[in-house]
Amino acid sequence: WKRRRLKRAAAVAVMASFCALSGELTEDPVVITTTGYTFDGKLLDKHCQVHGNVCPVSGKAFEPNENVLKIKASPALKPRTTSATSIPGLLGILQNEWDGVMLELHKLRKSYNATREELSETLYMHDAACRVVARLIKERDEAKAALANFQASFDPRSGAQPQAMEADVVAA
């Protein structure tokens, strides 16, 4: 008779897969065989952690390993809420969705503009650094050329006297 009772409880649970606690469709349906009530598995676990192994509806004690059956049910579509059954309710839902999309778009645009400014500033700094490096390389090459000219003009093998610099001429 216990087996028949379990089958009957499972059959009732399949037909009524609404949670006795929340009143919503169950995602992980379980049935307490001693009472016949159907619950969502997660909600029943939370209830048992807080209140012990007592049926939330009837208050009867049960053994979770023996009296709780998991039900294999096909996933059901959740019904529309009562606000979605009328045109003003649908318009309200659509307005809320539109507002959410617009807020997200605003955040994305704000983030995009901040990133764009940061990239622009970084590219400007990189360009300025490249110009400084190019100027320093040019000055280095000019200094090397001037040193080579000075060494060539001061070379004793060439027999030429060093040329006077402008600073020497002005001081004399």
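Everything in this summary refers to the structure shown in the same document.

Thresholds applied
- Residues numbered from 1 in each chain as written.
- Predicted model: local features only at pLDDT ≥ 70, side-chain atom pairs only at ≥ 80, totals over all residues.
- Heavy atoms only, no water.
- Helix = DSSP H or I, 4+ residues; strand = E, 2+ residues; numbered from the N terminus.
- Expected span 1.5 Å × (residues − 1).
- Polar contact = N/O pair within 3.5 Å; in protein donor to acceptor, adjacent residues only side chain to side chain.
- Pairing = 2+ DSSP bridges.
- Axes fitted to C-alpha atoms, helices over the stretch in contact; angles between N-to-C directions.
- Buried < 20%, exposed > 50% of the residue type's maximum accessible area, 1.4 Å probe, protein only.
- Contact = heavy atoms within 4.5 Å.

## What about helix α4 (residues 87-153)?
Under the 1.5 Å per step criterion, the end-to-end length of α4 is 98 Å for 67 residues, consistent within 8% with the ideal 99 Å. Regarding α4, its N-cap is Ser-86, as a side-chain oxygen of that residue lies 3.2 Å from the backbone nitrogen of Gly-89 further along.

## A closer look at the sheet that holds strand β1 (residues 29-32)
Read across the sheet, 3 strands follow the order β2-β1-β3 without closing on themselves; strand pairing throughout is antiparallel. Strands with a single pairing partner mark the edges of an open sheet, and in this sheet they are β2 (38-40) and β3 (68-70). Neighbour to neighbour, the strand axes of the sheet diverge by 35 degrees on average, direction disregarded. Pairing between β1 and β2: 3 bridges, direction antiparallel.

## What to know about the side chain of Thr-26
Within the fold, Thr-26 resides in the loop between α1 (2-15) and β1. Its relative accessible area of 14% is what places Thr-26 among the buried residues. Residues contacting Thr-26, with those up to four places away along its chain left out, are Ser-17, Phe-18, Cys-19, Phe-39 and Asp-40.

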